[in-house]
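Listed below, chain by chain, are the residues.
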Amino acid sequence: MPQDIEQPNERTGLLSHTANDRRLSVVQHEEDGQSIIGSYVSKDEQALSSAPVGERLPYNDYTTVDWLHDLVKDSYRFRSVHSRPGIRYRLVATFDACSGWVAAALIGILTACVAFLVDVAEATVSDWKLGHCTSNPFANREACCTDRRPFYGPTRANLGEGCDEWRMWTDGWYRAFGIYVGFALAFGVISSSLTMLTKSTLPAAAPGHGDQHQEPDAGTIQPVTGKAIYLAAGSGIPEIKTILSGFVIPHFLDFKVLFVKAVGAVFAVATGMCLGKEGPFVHISTCVAYLIGKCFPKYRENERKMRELLSAGCSSGLSVAFGAPIGGILFSYEEISTYFPRKVLWRAFFCSLWAAVILKILNPTGTGKLALFETNYGTSYSPVHYLIFIFLGVAGGLWGGTFCKCNFLWSKSFRQFRFIKNYPVFEVFIVVLATGLLQYPNPMTREPGDKIIKNLLQDCRRSTSSWICQHEANGSPPNYIGWLVYGTLVKLVLTIVTFGCKVPSGIIIPALDAGAFFGRLVGQWVTTISPGIFAMVGAAAFLAGVSRMTISLCVIMFELTGELEYVVPNMIAILVAKWVADALEHEGVYDLAQTVLGHPFLDLDHAISLVQREKTLVEELIPPKQTMEDITVNVLKDNMVPRKVLEQKLDKLKERGLLDAGLVLVQGGMLQGYLAEGELDFGLTNLGGVWDSSDRVRLLGLAEEGELDLSNFVDRTPLSICAKAPMEYVVEMFGKLGLRYLCVVEEGTGKLVGVILKKRLVVWLEGLKHR
């Protein structure tokens, strides 16, 4: 207690007016400080004020999530909810236990509803390039020509050649060509312009000069600049992988992004470009999961719990995209999620189930079935066909590895031109123009990507009415073979230049298209079984080469086609394609996209393989001397630090431009705690305004009346590691424990010698790839 406040005794009886005013002033300051903290910090966080892990502010933009801290916070919340007696609190506890299942069901239902609207709108808008329906301008060609039945009806009749209600814009080929390209360009500009509305500027994701692994010149600090991204562009899968690995990308899952992604995907796919809406569906489902999770305090106030819900939610995206509920779960587990315990698996199963049930009820395809490309080849393969399946796998792997390299180079070269970089809508305009000019002459590539696959997978032994079957019935004349070759080459080239454009887009459908073209082409020389079988296997092989998906892709393929008989051929082609593609380019398309975008992402498997190649110790990541002086605070014996010292250190942290940094607290060289930059800034700026007369700040120990106390924000249990430990220890600890920072201590003495941030580790691992 301050000495200048007069204490009550037997003589005074009551405090003097001056002393009483001072005491009231102190109490008022404390109340104001608690009010400020309460407006920023949740009740769950405030419950940790007495815990050694310390309180945390809501995670800042582009910062790293502390998984261990959120685990402890959820334990405090769980005990407070489930330990109270009484019927009322039992009901609250029951709802808390069921809230995850309720949220999963809502996510699946809403994702299916959004997917239904996108599917129906995209089918209608896409057909506007060819003509219109006189009876209903908002009906697509199939709905218009299906005996006046609604598009979402339970059955679908065969489309006749002479559908009176569907009118082409013109009968002239060249004029139809021009109208087709004109509509495509308009749709492309609309989609790209909508995407521009989601432009956002992010802080630095990784340090450059002046970081903790490079000695600054003359002790100066060179700040790291941020970057601009378009939140609704691309598939969103690289960003979702980054978020689920424990980083924060602000506003990426907001409703505005969801709306722009859905509407933009409609027009982007309608252009006919080599892209699909399946990747955006994963982003959309994750947005739905985030918005639903924000309605539950259990998830809203805990980023670790929120990521459990997001992992379950993104499985429903592929479930509604392909009508593949099991494949969607496996895709989330294999390709996207970093943290996927059994509890998340069960809720992903429940979420994907609801999405499939609602989608089947809404029936956007009009078939009444979930399988998009249902086939029934009716023939089996023989052992000799294994050689062809292996050949398709080799071809898919060669193209997958080549695609990853070429698309990466295209992004690093063409898209870095100043005009293209500053005007991404113009790039979309060029790509749409090239796509329309190259694809319209080929009758098989005028349709959207999903219809192309459906046509190429069909079995002509059961139907001869389609354009493809009529030509194959005539012995596959040279012009038909030429169109197959042309379609394969065009899809391969256009997919390379299209992926990465600033529109909502995915790589799954274009890869399936290219593989289906190549497989159908190979099938023209194998007359023993249907060429549609090779188109199916080729599609799986090409997608495996691009994405490196394995188990999930195999399941998706038989859910797409309903052909369980051909699981083994798909497995062979997928595995061969992955091996060949890995030999050419170790990283898949989503990993390379993360490199291009510059998002921090710690892939544990790849990180361990990189570290194992070199004998490296933890001491290699120890920051330089100047950096350690800037981030180390020597706490006095009374556990106080001059406020001016903390303000100077905060300025140093801000100059570096990295939001994950912080100060390490030591006494006699021994580690005592860690104070993150965000909490330090909040304490000095917001709470410091209340205690403006305080020239000293308490960081450790119990605070006394009238002190500016930041000890509640100090993590007094930071994890540490010996400087001589193998680097594999660091990678495993960051990857499996979800650490935000790790302190390094000297061997033998235990004195602090360094601090490793998760983002800094990611940068160091990235450098190993180029050695």
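Thresholds, definitions, all that
- Residues numbered from 1 in each chain as written.
- Predicted model: local features only at pLDDT ≥ 70, side-chain atom pairs only at ≥ 80, totals over all residues.
- Heavy atoms only, no water.
- Helix = DSSP H or I, 4+ residues; strand = E, 2+ residues; numbered from the N terminus.
- Buried < 20%, exposed > 50% of the residue type's maximum accessible area, 1.4 Å probe, protein only.
- Contact = heavy atoms within 4.5 Å.
- Areas by Shrake-Rupley, 256 points an atom, 1.4 Å probe, with all protein chains shown as cover.
- Pairing = 2+ DSSP bridges.
- Axes fitted to C-alpha atoms, helices over the stretch in contact; angles between N-to-C directions.
- Phe/Tyr/Trp six-rings, centres within 6.5 Å; stacked < 30°, edge-to-face > 60°.
- Patch = residues over 30% accessible without salt bridge, like charges linked within 9 Å, V, L, I, M, F, W, Y side chains within 5 Å.
- Salt bridge = Lys/Arg side-chain N within 4 Å of Asp/Glu carboxyl O.
- Expected span 1.5 Å × (residues − 1).
- Polar contact = N/O pair within 3.5 Å; in protein donor to acceptor, adjacent residues only side chain to side chain.
- Disulfide = S-S within 2.5 Å.
- Core = buried A, V, L, I, M, F, W, Y, C linked by side-chain atoms within 4.5 Å.
- UniProt positions renumbered as here; feature names shortened; annotations may be inferred.
- Parallel < 35°, antiparallel > 145°, perpendicular 65-115°, else oblique.
- Left-handed = near helix turned anticlockwise from the far one by under 90°.
- Nonpolar A, V, L, I, M, F, W, Y, C, P; charged D, E, K, R; others polar.

In terms of helices and strands, the protein carries 30 helices and 13 strands. Burial statistics for the protein: of 771 residues in total, 56% are counted as buried. Of the contacts made within the protein by residues no fewer than 6 positions apart, 75% connect residues no fewer than 24 positions apart. As displayed, the protein has an accessible area near 32300 Å², and 60% of this comes from carbon and sulfur atoms.

Spatial ordering of the open sheet is given by β11-β12-β13, a layout of 3 strands whose pairing is mixed. Lying at the two open borders of the sheet, with one neighbouring strand each, are β11 (720-722) and β13 (752-757). Across the sheet, the mean angle separating the axes of adjacent strands is 30° when strand polarity is ignored. One ladder, built from 3 bridges, connects β11 with strand β12 (residues 741-745); its direction is parallel. Looking at the pairing, Cys722 lines up with Val745 of β12. In the packing of helix α29 (residues 727-737) onto the sheet, contacts are made with β11, β12 and β13, and the angle to β12 comes to roughly 150°.

Here the focus is the packing of aromatic side chains. Under the defined criterion, the tally for this structure stands at 33 aromatic pairs. Plain terms: the ring middles of Phe177 and Tyr440 are 4.8 Å apart, the flat faces sit at 10° to each other, and that makes the pair stacked. Of this pair, Phe177 sits in helix α6 (residues 173-196) while Tyr440 is found in the loop between α16 (424-439) and α17 (449-457), placing the two residues 263 residues apart along the sequence. The class of Tyr440 is buried, set by a relative accessible area of 4%.

On the surface, Val189, Phe419, Tyr423, Phe426, Phe429, Ile430, Leu433, Leu437 and Leu438 cluster together into a nonpolar patch covering about 750 Å² of accessible area. For the nonpolar patch, the element with the most residues is α16, which contributes 6 residues.

Moving on, we come to unusual backbone geometry. Phi at Asn363 is positive, roughly 55°, even though this residue is not glycine. In this fold, Asn363 is placed in the loop between α13 (342-362) and α14 (385-413). The buried category is assigned to Asn363, whose relative accessible area is 5%. A positive phi angle, near 65°, is found at Asn639, a position not held by glycine. Topologically, Asn639 is positioned in the loop between β5 (632-634) and β6 (640-642).

Next up on the list: helix α3 (residues 67-82). Between the first and last C-alpha of α3 there are 22 Å, a value that for 16 residues agrees with the 22 Å anticipated at 1.5 Å per step. Measuring from the side-chain oxygen of the N-cap residue of α3 to the backbone nitrogen of Leu68 gives 3.4 Å; that N-cap residue is Asp66.

Attention now goes to the side chain of His471. Inspection of the secondary structure assignment puts His471 in helix α18 (residues 467-473). On the accessibility criterion, His471 (15% relative accessible area) is buried. Looking at His471, its side chain comes within polar contact range of the main-chain oxygen of Trp467, at 2.9 Å.

Turning our attention to the state of the cysteines. By the definition in use, this model includes 2 disulfides. Two residues, Cys133 and Cys144, share a disulfide whose sulfurs are 2.1 Å apart. Between Cys133 and Cys144 the sulfur-sulfur dihedral comes to about 80°; the bridge is accordingly right-handed. With Cys133 in strand β1 (residues 131-133) and Cys144 in helix α5 (residues 141-144), this pair connects stretches of sequence that are 11 residues apart. No difference in accessibility class separates Cys133 from Cys144, as the two residues are buried. Paired through a disulfide, Cys460 and Cys469 show a sulfur-sulfur distance of 2.1 Å.

Below, the discussion takes up the sheet that holds β5. Reading across the sheet, the 3 strands line up as β5-β7-β8 and stay open at both edges, with mixed pairing between neighbours. Edge positions in the open sheet fall to β5 and β8 (670-676), since each of these has one partner strand only. Direction aside, neighbouring strands of the sheet carry axes that sit 30° apart on average. Relative to strand β7 (residues 662-667), β5 runs parallel, the two sharing 3 bridges. Bridge pairing in β7 places Thr632 opposite Val664. Helix-sheet contacts for helix α27 (residues 643-656) involve β5 and β7, and the interaxial angle to β7 is about 140°.

Generally speaking, a soluble globular protein has its nonpolar side chains buried in company with each other. Ranked by internal contacts, the top residues of the largest apolar core, which has 114 residues, are Val282, Phe322, Ile336, Phe403, Leu456, Leu512 and Val589. If one sorts the elements of this core by residue count, helix α21 (residues 531-547) sits on top with 12 residues. Not counting residues up to four positions away in its chain, the partners in contact with Val282 are Ile237, Ile240, Cys314, Gly317, Leu318, Phe331 and Ile336.

The subject of this paragraph is the UniProt feature "transmembrane region" (unreviewed entry) in the protein. Under the UniProt annotation, "transmembrane region" (unreviewed entry) lies at residues 91-118, 177-197, 258-276, 309-332, 344-363, 383-410, 422-440 and 480-500. Between the C-alpha atoms that bound residues 309-332 the distance is 12 Å, and the span itself is 92% helix and 0% strand. Taken end to end, residues 344-363 is 95% helix and 0% strand, and its first and last C-alpha atoms sit 28 Å apart.

Turning our eyes to something else, we now look at the packing of helix α20 (residues 508-523) against α21. Any two packed helices are characterised by how steeply their axes cross, that is the angle between the axes, and by the distance between the axes. For the pair α20 and α21, interaxial distance at closest approach is 6 Å and the crossing angle is 140°. By the angle between their axes, α20 is oblique relative to α21. Both α20 and α21 take part in a crossing whose hand is right-handed. On α21, the residues touching Ile508, Ala511, Leu512, Ala514, Gly515, Ala516, Phe518, Gly519, Arg520 and Gly523 of α20 are Pro531, Gly532, Phe534, Ala535, Gly538, Ala539, Ala540, Phe542, Leu543 and Val546. In the contact of α20 with α21, the residues fall into 14 nonpolar, 5 polar and 1 charged.

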